[in-house]
2 protein chains.
Amino acid sequence: MNVSGGGLHFSRVDIETEVRVLSVFVDRLYSASRRNESLVCVGLDPDPELMPVSDVYEFNRAIVDATRDMVCAYKPNFPFYEALGLPGLRALERTVEHIRKAAPNALLIADGKRGDIGSTNMMYARALFDTWAFDAATVNAWGGGDSMEPYLEYKDRGVIVWCRSSNPGAAEFQDIPVEYGGEDIPLYEWMAVKLCEWNEGGNVGVVAGATHPDELGKVRERCPGMPMLVPGIGAQGGYLEASLVHGLDADIPNLMISSSRGITYASRDPETFAEAARWAALELRDSINEVLVRMGRAW
Amino acid sequence: MNVSGGGLHFSRVDIETEVRVLSVFVDRLYSASRRNESLVCVGLDPDPELMPVSDVYEFNRAIVDATRDMVCAYKPNFPFYEALGLPGLRALERTVEHIRKAAPNALLIADGKRGDIGSTNMMYARALFDTWAFDAATVNAWGGGDSMEPYLEYKDRGVIVWCRSSNPGAAEFQDIPVEYGGEDIPLYEWMAVKLCEWNEGGNVGVVAGATHPDELGKVRERCPGMPMLVPGIGAQGGYLEASLVHGLDADIPNLMISSSRGITYASRDPETFAEAARWAALELRDSINEVLVRMGRAW
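Conventions used here
- Residues numbered from 1 in each chain as written.
- Chains lettered and ligands numbered in written order.
- Predicted model: local features only at pLDDT ≥ 70, side-chain atom pairs only at ≥ 80, totals over all residues.
- Heavy atoms only, no water.
- Helix = DSSP H or I, 4+ residues; strand = E, 2+ residues; numbered from the N terminus.
- Rg over C-alpha atoms; globule rule 2.2 N^0.38 Å.
- Buried < 20%, exposed > 50% of the residue type's maximum accessible area, 1.4 Å probe, protein only.
- Contact = heavy atoms within 4.5 Å.
- Buried area = accessible area lost by both parts, 1.4 Å probe.
- Salt bridge = Lys/Arg side-chain N within 4 Å of Asp/Glu carboxyl O.
- Polar contact = N/O pair within 3.5 Å; in protein donor to acceptor, adjacent residues only side chain to side chain.
- Nonpolar A, V, L, I, M, F, W, Y, C, P; charged D, E, K, R; others polar.
- Pairing = 2+ DSSP bridges.
- Axes fitted to C-alpha atoms, helices over the stretch in contact; angles between N-to-C directions.
- Core = buried A, V, L, I, M, F, W, Y, C linked by side-chain atoms within 4.5 Å.
- Least-squares fit on C-alpha atoms with pLDDT ≥ 70 in both.
- Parallel < 35°, antiparallel > 145°, perpendicular 65-115°, else oblique.
- Left-handed = near helix turned anticlockwise from the far one by under 90°.
- Phe/Tyr/Trp six-rings, centres within 6.5 Å; stacked < 30°, edge-to-face > 60°.
- Lys NZ or Arg CZ within 6 Å of the ring centre and 35° of its normal.

S.K.: Which residues make up the overall build of chain A, and what are the values?
M.R.: Helices and strands together make up the secondary structure of chain A, namely 13 helices and ten strands. For 299 residues, the compact-globule estimate of 2.2 N^0.38 gives 19 Å, and the C-alpha radius of gyration of chain A, at 18 Å, lies within 12% of that figure. In terms of overall dimensions, chain A has a C-alpha envelope of 60 × 45 × 40 Å along the principal axes. Across the 299 residues that make up chain A, the buried fraction comes to 64%.

S.K.: Help me get a handle on the interface of chain A and chain B, residues and values and all.
M.R.: If you look at the interface, chain A gives 57 residues, while chain B gives 58 residues. In this assembly, chain A packs against chain B so that about 4900 Å² is buried in total across both faces, 63% of it on carbon and sulfur atoms. If you sort the residues of chain A by the area they bury against chain B, A:Leu86, A:Trp142 and A:Phe173 come out on top, with a joint share of 18%. At the junction of chain A with chain B, the criterion picks out eight salt bridges. Linking B:Lys113 and A:Asp116 is a salt bridge whose minimum nitrogen-to-oxygen distance equals 2.8 Å. Linking chain A with chain B are 29 residue pairs in polar contact (both at pLDDT 80 or more). Broken down by element, the side of chain A that touches chain B gets its largest block of residues, seven residues, from helix α6 (residues 118-131) of chain A. By residue class, the composition of the side of chain A that touches chain B is 25 nonpolar, 18 polar and 14 charged.

S.K.: So what's going on with the pairing of strand β10 (residues 255-259) of chain A? Which residues, and what values?
M.R.: Residue and element names in this part refer to chain A. In terms of burial, β10 is largely enclosed, as five of its five residues are buried. Side chains of β10 alternate between two faces, with Leu255, Ile257 and Ser259 and Met256 and Ser258 buried alike. Bridge count for strand β1 (residues 40-44) against β10 is three bridges, and the pairing is parallel. Across the sheet, Val40 pairs through a bridge with Ile257, a residue of β10. Here strand β9 (residues 228-230) runs beside β10; their pairing, made up of three bridges, is parallel. Across the sheet, the residue bridging to Met228 is Leu255, located in β10.

S.K.: Can you explain the sheet that holds strand β2 (residues 73-76) of chain A? Please cite residues and give values.
M.R.: Two modes of strand pairing occur in sheets, parallel and antiparallel, and in both the strands are linked by backbone hydrogen bonds. Residue and element names in this part refer to chain A. Taken in spatial order, the eight strands of this closed barrel run β1-β2-β3-β4-β5-β8-β9-β10, and their pairing is parallel. When strand polarity is set aside, the average angle formed by the axes of neighbouring strands in this sheet is 30°. Against the sheet, helix α3 (residues 56-67) contacts β1 and β2, and its axis sits at roughly 170° relative to β1. Against the sheet, helix α13 (residues 273-294) touches β1 and β10, its axis set at about 150° to β1.

S.K.: Give a detailed account of the nonpolar core, specifying residues and quantitative values.
M.R.: Within the largest apolar cluster, 216 residues are counted, with the highest numbers of intra-cluster contacts made by A:Met256 and B:Met256. Per element, the largest residue contribution to this core is ten residues, and it comes from helix α13 (residues 273-294) of chain B. For B:Met256, the contacting residues outside a window of four places in its chain are B:Phe25, B:Leu29, B:Leu39, B:Cys41, B:Cys72, B:Leu107, B:Ile109, B:Ile160, B:Pro227, B:Met228, B:Leu229 and B:Val230.

S.K.: Any details on the relation of the copies chain A and chain B? Residues and values, ideally.
M.R.: Superposition of chain A onto chain B requires a rotation of 180° combined with a translation of 0.0 Å along the rotation axis, giving an RMSD of 0.0 Å. The operation mapping one copy onto its partner corresponds to a two-fold rotation axis. Taken as a fraction of all interface residues of chain A, those also at the interface in chain B reach 100%, which identifies the copy contact as same-surface.

S.K.: Please provide a residue-by-residue account of helix α7 (residues 145-152) of chain A, values included.
M.R.: Of all eight residues making up α7(A), six are buried, and the element is well covered by its neighbours. Within the span of α7(A), buried status applies to A:Gly145, A:Ser147, A:Met148, A:Pro150, A:Tyr151 and A:Leu152.

S.K.: How would you sum up the sheet that holds strand β5 (residues 158-164) of chain B? Please name residues and give values.
M.R.: Residue and element names in this part refer to chain B. The eight strands are arranged β1-β2-β3-β4-β5-β8-β9-β10 in a closed barrel whose pairing can be described as parallel. Ignoring strand direction, the axes of neighbouring strands in this sheet form an average angle of 30°. Sheet analysis places strand β8 (residues 204-208) next to strand β9 (residues 228-230), joined by two bridges and oriented parallel. Residue pairing across strands places Val206 opposite Met228, the latter belonging to β9. Those strands touched by helix α9 (residues 187-197) are β5 and β8, and its axis lies near 160° from that of β5. Strands in contact with helix α10 (residues 213-222) are β5, β8, β9 and β10 (255-259); relative to β9, the strand with the most contacts, it is inclined by about 170°.

S.K.: Pulling in residues and values, what's your account of the side chain of A:Asn121?
M.R.: All names here are of chain A. Its place among the elements puts Asn121 in helix α6. A polar contact is formed between the side chain of Asn121 and the backbone oxygen of Ser147, at a distance of 2.7 Å. Separated by 3.1 Å, the side chains of Asn121 and Tyr151 make a polar contact.

S.K.: I'd love a proper account of the packing of helix α10 (residues 213-222) of chain A against helix α11 (residues 240-247) of chain A, names of residues and values included.
M.R.: Residues and elements named next belong to chain A. Two numbers describe how α10 lies on α11: the axes approach to 8 Å, and their chain directions differ by 15°. For the element pair α10 / α11, the angle class is roughly parallel. The element α10 and its partner α11 pack so that their crossing is right-handed. Residues Pro213, Asp214, Leu216, Gly217 and Arg220 of α10 pack against Ala242, Ser243, His246 and Gly247 of α11.

S.K.: Describe in detail the packing of aromatic side chains, supporting the description with residues and values.
M.R.: Under the criterion given, the structure shown has 14 aromatic pairs over all chains. Here the aromatic rings of A:Phe129 and A:Tyr154 are separated by 5.2 Å at their centres, their planes lie at 50°, and the arrangement is tilted. With A:Phe129 in helix α6 and A:Tyr154 in the loop between α7 and β5 (158-164), this residue pair connects regions lying 25 residues apart in the sequence. Residue class for A:Tyr154 comes out buried when judged on its relative accessible area of 18%. Following the ring pairs from residue to residue traces out a cluster consisting of A:Phe59, A:Tyr265 and A:Phe273. The lysine or arginine in question, A:Arg164, covers the ring of A:Tyr188, its NZ or CZ lying 5.0 Å from the ring centre. Over the face of the ring belonging to B:Trp162 we find B:Lys113, whose NZ or CZ atom lies 5.7 Å from the ring centre.

S.K.: Account for the packing of helix α5 (residues 85-102) of chain A against helix α5 (residues 85-102) of chain B, with residues named and values stated.
M.R.: At a closest axis distance of 11 Å, the pairing of α5(A) and α5(B) adopts a crossing angle of 175°. Comparing their axes, α5(B) and α5(A) come out roughly antiparallel. Touching A:Leu86, A:Leu89, A:Arg90 and A:Glu93 of α5(A) are B:Leu86, B:Leu89, B:Arg90 and B:Glu93, all from α5(B). Here the contact of α5(A) with α5(B) is composed, by residue class, of four nonpolar, no polar and four charged.

All we've got here are geometric facts, nothing functional implied.
Pasting the structure below:
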């Protein structure tokens, strides 16, 4: 696919000859990242206790307008809207509408980590992919592969499975040893094996937190080329360089480095928060790109 | 606690002397079940393709009015409302308001199986327990014990963890063997062990499907006395008698036998669906109570 070696190289030809793996989801992520030379995903988690302005939509709009040329994705975190009831969800809808206009190339990721049995996931998929028309959604796979099918049938959307989380207690279930191929691997890694099996449509993604880059690397080994959403950078203290080194494998830019509080609450001054968010997003984008240069993978 | 042996016996004294274990959640479930002599939980899953009337609120209101004297709980399934966008969620809010008036003793369970890291679960808990004021919610524990804390801090609400699901593919993750106490037990059973550890406030519950009563029984052995939500009766073909035999252990009625489609779509005739739902709920309640009689545990 990449005939010139060394850095990252992309062309339309690459995509057309690799249609088998480059789903609409992967293609959209590729286009969005390439356009802004950015792996930054901005998490939109409006918290009334932290927001410098009271109106959720106005807050999000200002953040989006200030960052739209330096991100690959926006990721509204559903419970932050749900906690505000219907007005919060109305603000979410308006935010989505605004992003579609102001940043039409950005990937729009619904972060809700929904998951249930299949007949119920069919309704979650309708909500996330039809009603709210997100490009991708984080989901929970506790129900097993058959429960994932209703999500995966949306072949033009990304189904990003919550695999290795960024919290301190993640290990409790996720590190349980599972025998696989004659050795014990942690459950999250075994889940990653399953994700590849489910990925016939090329529309599966995986969540692996930046707070455990070694483990992120194990997920990457099991899921070569798969888009990976990496939370935990910023307020949670994740490791940026190690996450990039362990997480990037393909010629295509298949990481979404997500930061929420570190960008949106960089300043809590109502006069300067948008500008501060812009600088924080710029700083994250550039920090990532400096690592890419050191890796010989400049844009 | 039960001094007369044999059947189910309850008194206010029992509750007052057992405050350590009888949380507000357990007490509410006890009161609601006892009042209607019913373990029936009606799942409210409005599906436009199955509903005999088009208005979600009117549909739910008719079902609630027809069943309110024969159930212990109502369980709206969130994605069925979310799939309809904000009008669907408005119908959910109106349904909740109506249930509070029409069936003030019924336990109101938010079925969303939400789960993320702790800082995000704090927002889910606000949405479910403050904003929408549910008595209990189904949650997902993939994030581990630390992620559960924001839910558990709502000591007057029930936190019902999705442990053993009712779908055919549930085994994929849930049956993974885990070494515990010198033997291998399935992961769902190990999760049940964890639930007991988290249950200091007496406000934890557990989901175990009626489609696998033996496994439901293993969950029950690990979680004595814990309220158990049992989906899978009705359309999914779960086993009623075996679920009761394996699931009931305490003197208090600690099972919620949930049926959705089997009750709400018993008839799809707009003239008769409410009456048909009443008969279906009555039939389920009576079928349960006949088993209780055979078990020597009549109300």
